[in-house]
Amino acid sequence: MTSPVDAQNSGVVNRAASSRGPVRAPRGGERTAKSWGAEAAKRMLMNNLDPEVAEHPEDLVVYGGTGRAARSWEAYDAIVRTLDELEPDETLLVQSGKPVGVFRTHEWAPRVLIANANLVGDWATWPEFRRLEQLGLTMYGQMTAGSWIYIGTQGILQGTYETFAAVARSLGRDSLAGTLTLTAGAGGMGGAQPLAVTLNGGAVLIVDVDASRLERRVAHGYLDEYTDDLDAALARVVAARTAGEALSVGLVGNAAEVFPELLRRRHAGTAPIDIVTDQTSAHDPLAYLPIGVSVAAWKDAAASDPEDFTARARASMAAHVAAMVGFQDAGAAVFDYGNSIRREAELGGYDRAFAFPGFVPAYIRPLFAEGRGPFRWVALSGDPDDIAKTDRAVAELFPDDAALRRWLDRAGDTVRFE
Ligand code: NAD
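Sequence positions are assigned chain by chain, starting from 1 and proceeding in written order. Residues qualify for local features only when their pLDDT is at least 70, as the model is predicted, and side-chain atom pairs are given and counted only at 80 or more; totals for whole chains, interfaces and linings, by contrast, use all residues. Computation of side-chain values: all heavy atoms of the structure, hydrogens and water removed.

Trainee: Which parts of the structure should I look at to understand helix α2 (residues 36-48)?
Mentor: Given 3.6 residues per turn, any residue in an α-helix points the same way as the ones three and four places further on. With 13 residues, α2 should cover 18 Å at 1.5 Å per step; its first-to-last C-alpha distance of 18 Å lies within 8% of that length. Among the 13 residues in α2, eleven count as buried, and that is most of the element. The buried label applies to any residue whose accessible area, calculated with a 1.4 Å probe on protein chains only, is under 20% of its type's maximum; exposed applies above 50%, and partly exposed to all values in between. Counting from the N terminus, the helices are DSSP H or I runs at least four residues long and the strands are E runs at least two residues long. Restricting attention to buried positions, one finds in α2 the residues A38, E39, A40, A41, K42, R43, M44, L45, M46, N47 and N48. Buried residues in α2 make contact with β1 (61-63), α3 (73-85) and β5 (112-115). Here the expected length of a helix is defined as 1.5 Å per residue gap, with one fewer gap than residues. The contact criterion used is simple: two residues touch if any of their non-hydrogen atoms lie within 4.5 Å.

Trainee: Just to check I follow, could you spell out the site of the ligand for this structure?
Mentor: In these notes, residues near a molecule or strand are those with any non-hydrogen atom within 4 Å of it. Close contacts around the ligand come from 31 residues, with G65, D208, S281, H283 and G338 the closest. Identification of polar contacts relies on pairs of N or O atoms within 3.5 Å, with a donor-acceptor requirement for protein atoms, meaning one able to donate a hydrogen and the other able to accept it, and with residues adjacent in sequence counted only if both atoms are side-chain atoms. Taking Q279, its side chain carries an N or O atom lying 2.9 Å from a nitrogen atom of the ligand. Just so you know the grouping, Ala, Val, Leu, Ile, Met, Phe, Trp, Tyr, Cys and Pro go in nonpolar, Asp, Glu, Lys and Arg go in charged, and all remaining residues, Gly too, go in polar. When grouped by side-chain class, the residues that make up the shell around the ligand number 13 nonpolar, 15 polar and three charged.

Trainee: Before we go on, may I ask you to explain the pairing of strand β3 (residues 90-95) in this structure?
Mentor: The side chains of a regular strand alternate, first on one face of the sheet and then on the other. When DSSP finds two or more bridges between a pair of strands, those strands are recorded as paired. In the sheet, β3 pairs with strand β4 (residues 98-104) via six bridges, with the strands oriented antiparallel. Paired with L92 across the strands is V102, a residue of β4. Here β3 folds back onto β4 in antiparallel fashion, the turn holding two residues, of which S96 has a positive phi close to 40 degrees.

Trainee: Sorry, what's going on with the pairing of strand β9 (residues 247-252) here?
Mentor: Of all six residues in β9, five are buried; the element is thus mostly enclosed. Across three bridges, the pairing between strand β8 (residues 225-227) and β9 is parallel. Opposite Y226, over in β9, you have G250 as the bridge partner. Looking down the strands as they point away from the viewer, one classifies a crossover as right-handed if the path from the first strand across the helix to the second runs clockwise. Once you follow β8 into helix α8 (residues 230-243) and on to β9, the crossover reads as right-handed.

Trainee: Would you explain the nonpolar core in this entry?
Mentor: In summary, soluble globular proteins display a tendency toward joint burial of nonpolar side chains. Residues enter a nonpolar core if they are buried and are Ala, Val, Leu, Ile, Met, Phe, Trp, Tyr or Cys, with the set joined through side-chain atoms within 4.5 Å. Ranked by size, the top nonpolar core spans 41 residues in total, and within it L182, F259, L262, V276 and F327 carry the most contacts. For this core, the secondary structure elements donating two or more residues are β6 (180-184), β7 (203-208), α8, β9, α9 (255-267), α11 (306-329) and α12 (341-347). With eight residues, the single largest contributor to this core is α11. Those residues within four positions of F327 in sequence are excluded, and the remaining contacts are L182, F259, L262, L263, R266, I273, V276, A332 and V334. If you look at the next biggest cluster of nonpolar residues, it comprises 29 residues, including V23, A41, L86 and Y150.

Trainee: I would appreciate a short explanation of the sheet that holds β6 in the present structure.
Mentor: Sheet strands line up and pair through hydrogen bonds in the backbone, either parallel or antiparallel. Reading across from one edge, β8-β9-β7-β6-β10-β11 is the order of the six strands in this open sheet, with parallel pairing throughout. The open sheet has two free edges, formed respectively by β8 and β11 (333-334), since each of these has just one partner strand. Both strand β10 (residues 275-276) and β11 contribute to a ladder of two bridges, which runs parallel. When the bridges of β11 are listed, I275 appears paired with A333.

Trainee: What should I look at first to understand the sheet that holds β3 in this one?
Mentor: Taken in spatial order, the three strands make up an open sheet running β4-β3-β5, and their pairing is mixed. Every other strand in the sheet has two partners, leaving β4 and β5 as the edge strands with one partner each. The sheet shows a mean angle of 20 degrees between the axes of neighbouring strands, direction not considered. Across four bridges, the pairing between β3 and β5 is parallel. Along β5, the bridge assignment pairs Q95 with A115. Together, β3, β4 and β5 form the strand contacts of α3, whose direction differs from that of β4 by roughly 20 degrees. A fitted line through C-alpha atoms serves as each axis, taken over the contacting stretch for helices, and the angle formed by two N-to-C directions is quoted from 0 to 180°.

Trainee: Would you mind going over the packing of aromatic side chains with me for this structure?
Mentor: The description of an aromatic ring pair uses the distance of the two centres, along with the angle that the planes make with each other. When two rings of Phe, Tyr or Trp (its six-membered ring) have centres within 6.5 Å they constitute a pair, described as stacked for plane angles under 30 degrees, edge-to-face for angles over 60, and tilted for the intermediate range. This model, assessed by the stated rule, comprises ten aromatic pairs. On the basis of an interplanar angle of 85 degrees and a centroid distance of 5.9 Å, the ring pair of W126 and F129 is categorised as edge-to-face. Separated by three residues within a single helix, W126 and F129 lie in helix α4 (residues 126-134), roughly one turn from each other. With a centroid separation of 5.3 Å and an interplanar angle of 40 degrees, the aromatic rings of Y161 and W407 are classed as tilted. In this pair, Y161 is assigned in helix α5 (residues 154-170) and W407 in helix α15 (residues 402-414), connecting sequence segments 246 residues apart. Assigned by exposure class, Y161 and W407 land together as buried. Every member of this aromatic cluster is reached through a ring pair, and the members are F164, F335, Y337, F359 and Y363.

Trainee: Would you mind showing me how to read the packing of α8 against α9 here?
Mentor: When two helices pack together, their arrangement is given by the angle between the helix axes and by the axis-to-axis distance. One can describe the packing of α8 onto α9 by two numbers: an axis separation of 13 Å at closest approach and a directional angle of 55 degrees. In terms of orientation, α8 and α9 fall into the oblique class. Along this stretch, α8 crosses α9, giving a crossing that reads as right-handed. Of the residues in α9, those in contact with L230, D231 and L234 of α8 are V258, E261, L262 and R265. Looking at side-chain class alone, the contact of α8 with α9 contains four nonpolar, no polar and three charged residues. Any angle that falls under 35 degrees is termed roughly parallel, while one over 145 is termed roughly antiparallel, one within 65 to 115 roughly perpendicular, and all others oblique. In this scheme the crossing of two helices becomes right-handed for a clockwise turn of the near helix relative to the far one and left-handed for an anticlockwise turn of less than a right angle.

Trainee: Just checking my understanding: could you explain the environment of R236 for this structure?
Mentor: Tracing the sequence through the fold places R236 in helix α8. On the basis of relative accessibility, which here comes to 40%, the residue R236 falls in the partly exposed class. Once the C-alpha coordinates of R236 and V204 are considered, the two residues, 32 residues apart in sequence, prove to be 9.8 Å apart. With near-sequence residues (within four places) excluded, R236 lies in contact with E225, L247 and V249.

Here's what the structure looks like:
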């Protein structure tokens, strides 16, 4: 075994980020590494950090709060260098974003093995994780950032589309036409929600504290429009619901304030909201903005006193989730979108947080039980025509699957390649 990293890790991830220029994966049919296995891993890692794909590439953050592709820029450079030199019968071992060894294996072994953010049970707490992260000893990998298979918001779009299609069916409807969905969090994954709802024919209001996230979704064709005026946003989506039209509107605001206000309006009969969910980065209290903190002050406030910030974020999540339960009590379909907000709200002092279900048991597990999804594939060439070819092959393989056909037709017309 050899060790590919001799450089000391400082634990500071954004060193030299600005001087190196944007990361962009090689494209086309020529290899730069010694095998296609290593080339694929390298292109995927680099593509994860392409500014077109990553949410905050300068910090190595791909998506999902602080989900990173590599622990530091030194570690990133060492990974790329090692993949270029890796023999076709060798395997690279990556420990929480840092390359730690190369083994002689065999041609059919995995070219890369990755383990991220593992802590022994009794030490698996945020304060201990952050202590180790600060020392440069670990990294948060989320699900697809640290495994280098994030491909932008497009990667989660079909799953989100299927989830909302299942919500429509659970309401006895063929589509979401004539319904209004309220959600929050327009980040790397959550940003798929507005397009998933409109592809299902519905109207949707999506709340995010950070205008730049909503701006990005509009630029990428995932969101129709956005505003910071609640009255104007509500009027637009209510009109679309009444007309049975598909429309997505973003609202710049804090969900912990906006959701309770919209619940009051629903009780007053002016906000006919049918479906409620949320995809803020609630799994990490430092990635959820509490009421009373501005986006500009966010990073410093979280870094200077993480314990206080966590307590404030959890109190805000309690208000946010209490409003979601209020919508359910008033007859709306409400579900958690996998971000642990119910648990965090409970820690924030709200005891009915688990009154509504999670999206996996409610909508996704039944689809998997039928043998549908999850699917994700990538053309390493970077050529959209190669994706079109695989789409055609899938359509020929499953000629009787109407939902799949509808998805392939609509996605082909609507979804911009990232
Ligand atoms: P992200 O960090 O890219 O985006 C989160 C967004 O939430 C940001 O745009 C942020 O500005 C916004 N936000 C934070 N606090 C807010 C507040 N108080 N009010 C309004 N907006 C606020 O994260 P992501 O990749 O979009 O993932 C979102 C969450 O969904 C994560 O917790 C992730 O683990 C979870 N998740 C998603 C799926 C899925 O299939 N889509 C599955 C499992 C888990």
